[in-house]
Structures are given as C-alpha cells and as structure tokens.
Amino acid sequence: MLHPLSAKAEAILRKNDRGGYTVPNGRVYPFQWNWDSAFVALGFDTFDRDRAWVEIETLMKGQWDDGFVPHIIFWTPDGGYFPGPAVWQTDKNPVTSGITQPPVAGTVLKQLWQSACAGGEQAAFRGRALALFDKVLKWHQWFARNRDFEGRGVVVAVHPWETGRDNSPEWDAPGLVIDTSNVGEYQRRDITHLDTKMRPTKADYDRYVTLVQFGRGLGWDHAAIGATSPFRVADVGMTMILLRANRDLLWLAQEFGLTDAAKALTEAVERSIAGVSYLWDDTIHAWCSRNTITGRSSGHITSTSFLSFYAGLRDPARDAASIAHLERISHKSRYLAPSLDVEDGQFDLMRYWRGPIWSVVNYMIAQGLAEAGFGDWAKRINDDTLSLIEVAGFYEAFSPIDGCGTGGEDFSWTAAIWLALQLQMAKA
Ligand code: GLC
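Basis of the calculations
- Residues numbered from 1 in each chain as written.
- Predicted model: local features only at pLDDT ≥ 70, side-chain atom pairs only at ≥ 80, totals over all residues.
- Heavy atoms only, no water.
- Helix = DSSP H or I, 4+ residues; strand = E, 2+ residues; numbered from the N terminus.
- Contact = heavy atoms within 4.5 Å.
- pLDDT = per-residue confidence, 0-100.
- Near = heavy atom within 4 Å.
- Polar contact = N/O pair within 3.5 Å; in protein donor to acceptor, adjacent residues only side chain to side chain.
- Areas by Shrake-Rupley, 256 points an atom, 1.4 Å probe, with all protein chains shown as cover.
- 1 Å grid on protein atoms, 1.4 Å probe; cavity = no way out; pocket = protein on both sides within 12 Å on 5 of 7 lines; lining within 4 Å.
- Sits in = over half its atoms within 2 Å of the grid points.
- Points joined across faces, edges and corners; volume = space filled by probe spheres on them.
- Axes fitted to C-alpha atoms, helices over the stretch in contact; angles between N-to-C directions.
- Left-handed = near helix turned anticlockwise from the far one by under 90°.
- Nonpolar A, V, L, I, M, F, W, Y, C, P; charged D, E, K, R; others polar.
- Phe/Tyr/Trp six-rings, centres within 6.5 Å; stacked < 30°, edge-to-face > 60°.
- Lys NZ or Arg CZ within 6 Å of the ring centre and 35° of its normal.

Residue placement: Gly175 occurs in helix H7 (residues 172-175). Linking Gly175 and Leu211, residues 36 residues apart in sequence, is a C-alpha distance of 9.9 Å. Sequence-distant contacts of Gly175, that is, excluding residues within four places in its chain, are made with Arg207 and Phe231.

Rendered as structure tokens:
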C-alpha cells in the first residue's frame, strides 16, 4: 500500500504541475526553476515516467543558442515575483532569466534512462534520451567556456543565485566589493510571502539586483560577464555537481556509442579532477568555495562541502577530514546536514542557506556517501530527511536544531525527494 505521505507527495507534484513544468511552490515561486525541475523529474519518475521526461524536455526548451540553460523560465506572467522579466530583459522566447543554476539535469537524465531500461522501455525512450543528451552536453560545454574563465576545471558563479544557495555566507566577503550605490528603487516580493527573518537582508538584495543589472548592461554576453563580473566565486557545490554530471553524461555517451562525445567528456572530467584541489581549504581541512578575484577561501563549511563523494573524488586523507567534520556537526545538530556548520559564527537556524537543511542537498550527499562506502552516514542523512518531512511536512527547508519547517510549504522538490527515497528503500 502507498505510504500516506507518498500519496500526499504525489498530490503536491500534481498540484504544482502547470502542464509540462512544475512550479517549486505555487505561492512563492510561480515559474519553472532549473535544478528544481531536475529533482522534480525524479519524483515524477516514481509514478509517471512520461511526465518525468517532459519536465526536463520543457526545461531544455529554455536553452539559448549558445547552450546556456537559464535558472528561471517565465512561462506565464506573474507580477507577484521580483525580479521578473522586465528586470532581466534577456529578450528570449520563452522569456528567461540570464543566469544559470547547478547542472543536475545530466545526472537525472542518467537515472531516468536507467529507470526506463529497468522498466523495459528502452525502445520508447531512446530517441528522447539522445535528444536530451545533446542539449545537456551543450550546456556543460557552455559551462566550460563561460563559467571557468581561468580554465581551472571548476565552476565560477557570477551571481549567488546561480549556485542555488542564494544567501550562503560563502558569498558575504566576495559580495562586499559590489558597488550597490546605483541600484535604485525596487520592490521585493519575497518578504510579502515569507517571514523576513528567513530571508536575505536589504544589503544582500541590493547586491543581487546590482549583479542582474550588471549582466543586463553587458547584454547577457556570458563570456564577458564571466570574465569581468565583480562577483566571480568558484562554487564548491556547482563544481562537484558538474563533475558528477559530466561523469554521468560520459556513462550515457558510452551506453549510446557516442565516441566523440565520450572523448570530450573524458577530458572534461580529467580537467576537473586536476583542478578541483583549488577548492580544498588546507587551513580548516574542508571543501569550500573560493573567491577567484582575491584567491581567498570562504572558510565556511557548508552542506556542499560534503559533495566531494558525490563528485566521485576519492582521497583518503581528505575524505577522513570531511567525515570528521560531519561527525562533529552531528554531535551539535539534531538533524543532518545543515547548510552551514552549526559551530560557524554565521549559523542561523532559520535564514536561507545559513543553517536550514535542504532535502535535495541531503539526497546528493547521501548518494555520494553510499557510493564511497560510507553507508552508515548515507543512511543517517536519508533517515533525517524522511524524519524531517514526517515531523514538519513538505517544507522548502528545515531547521537542523528543532526540525521546524522553513520557507514555503508543499514544496515540489521536497515531495520529489520523499518519493525518490521511498523507491530507493523499496529496492534495497
Ligand atoms: C530559492 C533557492 C533556489 C531554488 C529556488 C526555487 O531561490 O535558493 O535554490 O532553486 O528557491 O526553489
């Protein structure tokens, strides 16, 4: 029998389905978001395979000619969101934002394909898989050209929103140099829907808007933005996610006998493996983001510090140091994995990406830990995700200390992760 919460999770996805794409949450986020859709597809795949594929196909309809895939596609107008199309001015059809988001779609594509094969539907999905493969590959190549200006094998974010971890303290120091004096007047919408104590401050928001204005001023020329933005931070989260996604695309290229693509992807993976140590902070023995302008590490241990396993990196000393951090945090935090180290001076149990737990990040951390042979830690993290949902509901995020829900409720990707974990447990 279907778990009652699984029925609820399916109902949330159906309710947030706008026909071909799913809004993260009807009230706060009324459009299609990039990495949200990738995770949402995993949820749909547990009960409606075709709909899962459509989610990614619709996302890829927002792809620009240069391979870029936007972080938001504004499928229908909604004045309740800021900044909307009038601020971005990207002049695209469909209407999109001008920055991207963590590239999880490639990894999800591999999972959807394996699931179709297991269900005996190779023939029905092969053409769709090949079409999506080409698009995702083009996006990954866009990353290499436009988000790795110095060719380090990492992903350099030019806006905190690109990282998907909007308000992480990792962006505080790099953000200080952004001159916000000309930002002008604007009206935020997030604080009309959500509690201000969960949301970024006015100073942070001024920086976000200034960076949008910067990109717009350059006509969304991605190469120019990547080379000259006042904010250029090598993000540990996106770097690990892209490395993983490149490995998964490589697997698909081999599966489909695409030798040229396989060769290019092998090189991309090797480049990242060679360069990723740039993000190892030798002082605190952790994976951290690094400001490419100053060369300084953020010095903050976040949930994405634990994605090296998911990226397939294996280094006994670094792995042991990462596990030691996880262990230390687990003694101070009731639930894992807080988006910021609970012992960090900036830790805030309710504020966006400064403490709360996101189920999607937990899902990736646990997957990586399981693959790396840390099954007990993987189980602990997956169990915590499930308990948080059971206790609080399908919230956007959760306080690691008391398990309270934070942000929006009936959240699509939280529902999707619940379903994906249920299926994973049923198979185990
Ligand atoms: C917030 C999150 C971002 C997510 C979006 C929609 O902006 O920080 O990662 O994609 O909400 O859920």
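Here we take up the confidence of the model for the protein chain. Looking at the protein chain, the pLDDT average stands at 97 and 100% of residues meet or exceed 70. Mean pLDDT across the elements of the protein chain ranges from a minimum in helix H8 (residues 190-193), with 87, to a maximum in strand S6 (residues 286-287), with 99.

We now examine the site of the ligand. Every residue close to the ligand is listed here: Pro24, Tyr29, Trp33, Trp35, Asp36, Gln101, Gly164, Asp166, Trp353, Glu396, Phe411 and Trp413. Here Gln101 contributes a side-chain N or O atom positioned 2.9 Å from an oxygen atom of the ligand. The separation between an oxygen atom of the ligand and a polar side-chain atom of Asp166 is 2.7 Å. For the ligand, whose free accessible area comes to 310 Å², the fraction covered by protein is 96%. The site holding the ligand turns out to be the largest cavity.

All chains considered together, the criterion is met by five cavities of 30 Å³ or more. Taken as a whole, the largest cavity encloses approximately 330 Å³ of empty space. Residue lining of the largest cavity: 27 residues in total, with Tyr29, Trp33, Asp166, Tyr352 and Glu396 positioned closest to the centre. Within the residue set of the lining of the largest cavity, elements represented by two or more residues are helix H2 (34-44), H8 and helix H9 (202-217). Considered as a void within the structure, the second largest cavity measures approximately 80 Å³ in volume. The wall of the second largest cavity is formed by 14 residues, among which Pro160, Trp171, Asp204, Arg207 and Tyr208 lie closest to the centre.

Turning next to the packing of H2 against helix H16 (residues 412-427). The interhelical angle for the contact between H2 and H16, taken along N-to-C directions, is 35°, at an axis separation of 7 Å. For the element pair H2 and H16, the recorded crossing hand is left-handed. Contacts from Trp35, Asp36, Phe39, Val40 and Gly43 in H2 reach Ser412, Trp413, Ala416, Ile417 and Leu419 in H16. The class makeup of the residues in the contact of H2 with H16 is seven nonpolar, two polar and one charged.

In this section: the packing of aromatic side chains. All told, the structure shown has 31 aromatic pairs when counted by the stated rule. The positively charged end of Arg51 is found above the aromatic ring belonging to Phe44, 4.5 Å away from the centroid. Taking NZ or CZ as reference, Lys92 lies 4.6 Å from the ring centre of Trp64, over its face.

The next subject is unusual backbone geometry. A cis amide bond links Phe82 to the next residue, Pro83, at an omega of 0°. Across the junction of Asn93 and Pro94, the peptide omega takes the value 0°, indicating a cis bond. If you trace the backbone, Pro94 turns up in the loop between helix H4 (85-88) and helix H5 (105-118). With phi around 55°, Trp220 is a residue other than glycine that occupies positive phi space. Turning to its location among the elements, Trp220 is positioned in the loop between H9 and helix H10 (222-228).

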